[in-house]
Amino acid sequence: MSAAKTKLVSVFNFLVNKMGWHPSAIAHVPSAFTYSLERRIIPRCSVIRVLLSKGLINEENKIYLSSLVINSNKRFLDTFVTKYQDHVPQLLNIFHGKMTIGELGLEFEPKFVMKNCSA
């Protein structure tokens, strides 16, 4: 399998199987496949996973895959990290990969579903 195909499959599998996005939502954001899974997608999804598990964001908060992956680091930090830093001081370390969600007792669960999420 080529490196490009491996990357596409890895990103798709993570977003569907670990984050619970519907394949059609991912298909509407093809630019998601241009970003690094390890350096961009997983850190940002880790932050979202923590916020959801702590009840700081929920089904009422519509989370768009496009804004999750495409937004600049500054905008993502302002929207999802800085805003909640008082509630979860570890968010910045999670975002920068200095800490994993496992250290908070969380993991990406295959049954974890992103409800009310769109492209």
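Structure: see above.
Note that residues are indexed from 1 along each chain, following the sequence as it is written. The model is predicted, so local features are restricted to residues of pLDDT at least 70 and side-chain atom pairs to those at 80 or more, both for listing and for counting; the totals for chains, interfaces and linings are taken over all residues. Values reported for side chains reflect all heavy atoms of the structure, with hydrogen atoms and water molecules removed beforehand.

### Here's the deal with the overall build of the chain
Tallying secondary structure elements over the chain gives six helices and two strands in all. Start at the N end of the chain and walk to the C end: the helices and strands fall as α-α-α-β-α-α-α-β. The buried label applies to any residue whose accessible area, calculated with a 1.4 Å probe on protein chains only, is under 20% of its type's maximum; exposed applies above 50%, and partly exposed to all values in between. Looking at the chain as a whole, 39% of its 119 residues qualify as buried. Using a 1.4 Å probe, the Shrake-Rupley method yields the accessible areas, and only the shown protein chains count as cover for residues. Accessible surface for the chain amounts to roughly 6,800 Å². Of this, 53% is attributable to carbon and sulfur atoms. Each helix is a run of H or I in the DSSP string that is no shorter than four residues. Each strand is a run of E no shorter than two, and both are numbered from the N terminus.

### Re helix 5 (residues 73-81)
Residues of helix 5 that are buried: Phe 76, Leu 77, Phe 80 and Val 81. Along the long axis of helix 5, the arc covered by the buried residues comes to 100°, so they all point the same way. Residues of helix 5 that are exposed and point over 90 degrees away from its buried face: Lys 74 and Arg 75. Pairs of residues are marked as contacts when any of their non-hydrogen atoms sit within 4.5 Å. Those residues of helix 5 that are buried are in contact with helix 3 (37-53), helix 4 (65-70) and helix 6 (91-95). By construction, the arc corresponds to the directions joining the helix axis to the C-beta atoms.

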